[in-house]
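The residues making up each chain are set out below.
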Amino acid sequence: IQILSLLLLSALFLGGVERPNIIVIVADDLGYGDLGFTGHPKIKTPHLDQLAKGGATFTHFYSPAQVCSPSRAATMTGKMPHRHGIYSFIGGSSGSLVHLPKSEVTIPQLLRKNGYQTAIIGKWHCSLIGVQIARQKAKINDIPSMDHYGFDYWFCSDDNAKIRNKPGWIRNGKNEGAQPGLAADIVGSEAIHWLTKERTPEKPFIQFVHFYEPHWYVDAPETITQKYFGKATQNKNEAIYFAAVTNMDRQIGNIHRTLKQLGLEENTAIFFTSDHGPSSLGTGKKDRNYGTTSPYRGHKYGLWDGSVHTPGLVHWPAKIQSNTVIATPTGGIDWLPTICEITETPIPKGLELDGQSHLPLLLEKPFTREKPLQWHHYNTNFITSTNPNAVMRIDDHVICAFYAPETQLKRSSWNESHLSKVQNGKLLRFQLFNIINDPSQRTDLSQKEPARFNKLKTQLVAAHQEMQTQAMGWKGTTPIKKPVNKSLYLL
């Protein structure tokens, strides 16, 4: 019934129109409150503000996870992280062989089968491309290629931290080494290069433009930094953060201007978000982490609302009315089915997704979420702060659950030995919040609203149990096959 409804909606609203192009733009570590259209009092983002005004903005848009690799993998597949075994960032102590499993179905794979050109410029981080190439040369073909993941063209670097003179750029399997300048400028110019020089004009396309800013080490043009330093802030590092966001916005403006010049703006749907909330690793002389989740609580690595509550917009002049504001909770987990419906791309029969198309919301039509937005992570007590380990958003309320603090690890990276923690974590404490009335999540309503609390608690426990029976390691470890032990929970 759901598939039939989606087909009817597509036929009704998309029939007779040339298939739209898609550009998916993702920022890195950008906070919900870091943009002009989300209320930042000082950071200037005129181009994103223009896209927001001319399209649809989501006031309650969510990333699928609280850290980069699982969030990006979940967005590409429409499946929550535990179902493809990516729980934290890829690389470093988490292991360079971690990758999105070969069996997973991605957005570019599906659209390519439907006649779309596919490209990615910038951060990938669902595998390490350099490691894949090295192992392929050694005739160890255990990590899928970018072509297998669905990309006709790619220009990416596995270095996810260095912003100025970033090393390790790879274009279509060939190493191009370090590129001079700032990452945002490189990504922006390469995105335009593909649109103007590499793309086949006769075919529709999907282009992923994944910026590295404003991820640590934050860096920005000195000319923009000086506009903030002394006027918007007396802190040079904070000024650099502000300038990094503005510089990314400038590159997005360049891409948008190119679409206009090519006559593609009207029927190109531009999606924009961040991969999760901003980092809080430090705001000292070195770190320059000045992103804000205002008015929400939390940061990257946690599961408070601000950890996953991100800016979101879709600009598509051919179909979306200007100044459309969407308050219904939705998120990146929904992008695969949404983009497939927009492009009339079939979703394989039997493919089980955690997201669902929110095209009805973009067209101001009725929408009912079938599976609540939810997040589960065995290790969200990064360093010393206490964060929830399981969260579910239902209407205006957020139900949170916590593991015992002593079970948390001191580091955020993934190790295959952690799988037992995923599969056996114990929810010991619960809190309920009205996220509309209490965005900072300071007032626990569990005692004031016992009926609602018990109902949502039961739903969260059931979802967490389901997660634990499905959870797998990145090697494709078979999910545990055992009855759910309800004694793990204090019901």
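Calculation criteria
- Residues numbered from 1 in each chain as written.
- Predicted model: local features only at pLDDT ≥ 70, side-chain atom pairs only at ≥ 80, totals over all residues.
- Heavy atoms only, no water.
- Salt bridge = Lys/Arg side-chain N within 4 Å of Asp/Glu carboxyl O.
- Helix = DSSP H or I, 4+ residues; strand = E, 2+ residues; numbered from the N terminus.
- Buried < 20%, exposed > 50% of the residue type's maximum accessible area, 1.4 Å probe, protein only.
- Axes fitted to C-alpha atoms, helices over the stretch in contact; angles between N-to-C directions.
- Parallel < 35°, antiparallel > 145°, perpendicular 65-115°, else oblique.
- Contact = heavy atoms within 4.5 Å.
- Nonpolar A, V, L, I, M, F, W, Y, C, P; charged D, E, K, R; others polar.
- Core = buried A, V, L, I, M, F, W, Y, C linked by side-chain atoms within 4.5 Å.
- Phe/Tyr/Trp six-rings, centres within 6.5 Å; stacked < 30°, edge-to-face > 60°.
- Lys NZ or Arg CZ within 6 Å of the ring centre and 35° of its normal.
- pLDDT = per-residue confidence, 0-100.
- Polar contact = N/O pair within 3.5 Å; in protein donor to acceptor, adjacent residues only side chain to side chain.
- Pairing = 2+ DSSP bridges.
- Right-handed = clockwise from strand over helix to strand, strands pointing away.

### Quick look at the pattern of salt bridges
Enumeration according to the criterion identifies 17 salt bridges in this entry. Between Glu 104 and Lys 79 there is a salt bridge, and its shortest N-O distance comes to 3.3 Å. With a gap of 25 residues between them, Glu 104 in the loop between α3 (68-77) and α4 (107-113) and Lys 79 in the loop between α3 and α4 connect regions that are remote in the sequence. For Glu 104, a relative accessible area of 7% puts it in the buried group. Using a relative accessible area of 12% as the deciding quantity, one classes Lys 79 as buried. Across the pair Arg 369 and Asp 334 runs a salt bridge whose closest N-O atoms are separated by 2.6 Å. With Arg 369 in the loop between α11 (359-362) and β12 (373-376) and Asp 334 in the loop between β11 (330-331) and α10 (335-342), the pair connects residues that are 35 residues apart, well separated along the chain. The class of Asp 334 is buried, set by a relative accessible area of 0%. Each of Asp 28, Arg 72, Lys 123 and Asp 275 takes part in a single network of salt bridges with overlapping partners.

### Focus: the packing of helix α6 (residues 183-198) against helix α8 (residues 236-261)
Direction vectors running N to C along α6 and α8 enclose 10 degrees, while the axes themselves pass 9 Å from each other. Judged by the angle between their axes, α6 and α8 are roughly parallel. Two secondary-structure elements touch here, α6 through Ala 184, Asp 185, Gly 188, Ser 189, Ala 191, Ile 192, Leu 195 and Thr 196 and α8 through Asn 247, Met 248, Arg 250, Gln 251, Asn 254, Ile 255, Thr 258 and Leu 259. Here the contact of α6 with α8 is composed, by residue class, of 7 nonpolar, 7 polar and 2 charged.

### Overview of the side chain of Thr 246
Relative to the helices and strands, Thr 246 is located in helix α8. Accessibility expressed as a relative area gives 13% for Thr 246, which makes it buried. Those residues within four positions of Thr 246 in sequence are excluded, and the remaining contacts are Ile 43, Lys 44, Ile 224 and Tyr 228.

### Focus: the nonpolar core
By size, the foremost hydrophobic cluster in this structure holds 74 residues, and its most contacted members are Val 24, Trp 124, Phe 151, Phe 271, Ile 339 and Leu 362. At 6 residues, helix α13 (residues 450-470) tops the list of elements feeding residues into this core. Not counting the four nearest positions on each side in its chain, Phe 271 is found in contact with Ile 22, Ile 23, Val 24, Ile 25, Leu 313, Val 314, Trp 335, Thr 338, Ile 339 and Ile 342. Counting 48 residues, the second largest nonpolar core, distinct from the first, contains Leu 51, Tyr 153, Ala 232 and Ile 255.

### Side note on the packing of aromatic side chains
Going through the model one piece at a time under the given rule, you end up with 18 aromatic pairs. Judged by centre distance (5.5 Å) and plane angle (75 degrees), the rings of Trp 194 and Phe 205 are edge-to-face. Residue Trp 194 is found in helix α6, and its partner Phe 205 is found in strand β7 (residues 205-210); the two are separated by 11 residues along the sequence. The exposure classification of Trp 194 matches that of Phe 205, with both residues buried. Here the aromatic cluster, defined as three or more aromatic residues joined through ring pairs, consists of Phe 58, Phe 61, Phe 271 and Trp 335. When the ring centre of Tyr 212 is taken as origin, the NZ or CZ atom of Lys 166, which lies over that ring, is 4.1 Å away. Its end group placed over the ring of Phe 229, Lys 236 keeps NZ or CZ at 5.7 Å from the ring centre.

### Concerning the confidence of the model for the protein
Taken as a whole, the protein shows an average pLDDT of 91; of its residues, 90% reach a score of 70 or greater. Scored below 50 in pLDDT, residues 1-16 shows 19 contacts in the model against residues more than four places distant or in partner chains. Low pLDDT, under 50, characterises residues 476-491; the predicted model gives this stretch 31 contacts beyond four residues in sequence or across chains.

### Things to note about the side chain of His 210
Locating His 210 in the fold gives a position in strand β7. Classification of His 210 by relative accessible area gives buried; the value is 4%. A polar atom in the side chain of His 210 sits 2.7 Å from the backbone oxygen of Lys 123. Excluding residues within four positions of it along the chain, His 210 makes contact with Val 24, Val 26, Arg 72, Met 76, Ile 120, Ile 121, Gly 122, Lys 123 and Val 187.

### Side note on the environment of Ala 183
By the element assignment, Ala 183 lies in helix α6. Given a relative accessible area of 0%, Ala 183 falls into the buried group. Put simply, Ala 183 and Gly 122 are 61 residues apart on the chain and 8.3 Å apart in space, counted from C-alpha to C-alpha. When residues no more than four places from it in sequence are discounted, the contact partners of Ala 183 are Ile 163, Lys 166, Tyr 212 and Glu 213.

### Quick notes on the sheet that holds strand β15 (residues 429-434)
If you walk across this open sheet you meet the 4 strands as β12-β13-β14-β15, and the pairing is antiparallel. One side of each edge strand has no neighbouring strand; the edge strands of this open sheet are β12 and β15. Averaged over all pairs of adjacent strands, the angle between their axes in this sheet comes to 10 degrees, without regard to strand direction. Direction of pairing for β12 relative to strand β13 (residues 390-394): antiparallel, over a ladder of 4 bridges. Bridge pairing in β13 links Gln 374 to Met 392.

### Examining the pairing of strand β3 (residues 117-122)
Counting buried residues along β3, 6 of its 6 residues qualify, which places the element largely inside the surrounding structure. In terms of strand pairing, β3 meets β7 through 6 bridges, oriented parallel. Across the sheet, Gln 117 pairs through a bridge with Phe 205, a residue of β7. Pairing analysis gives 3 bridges linking β3 to strand β4 (residues 153-157), with the strands arranged parallel. In the sheet register, Ile 120 faces β4, and the bridge partner there is Trp 154. Once the chain exits β3 it traverses helix α5 (residues 129-137) before rejoining the sheet at β4, and the crossover so formed is right-handed.

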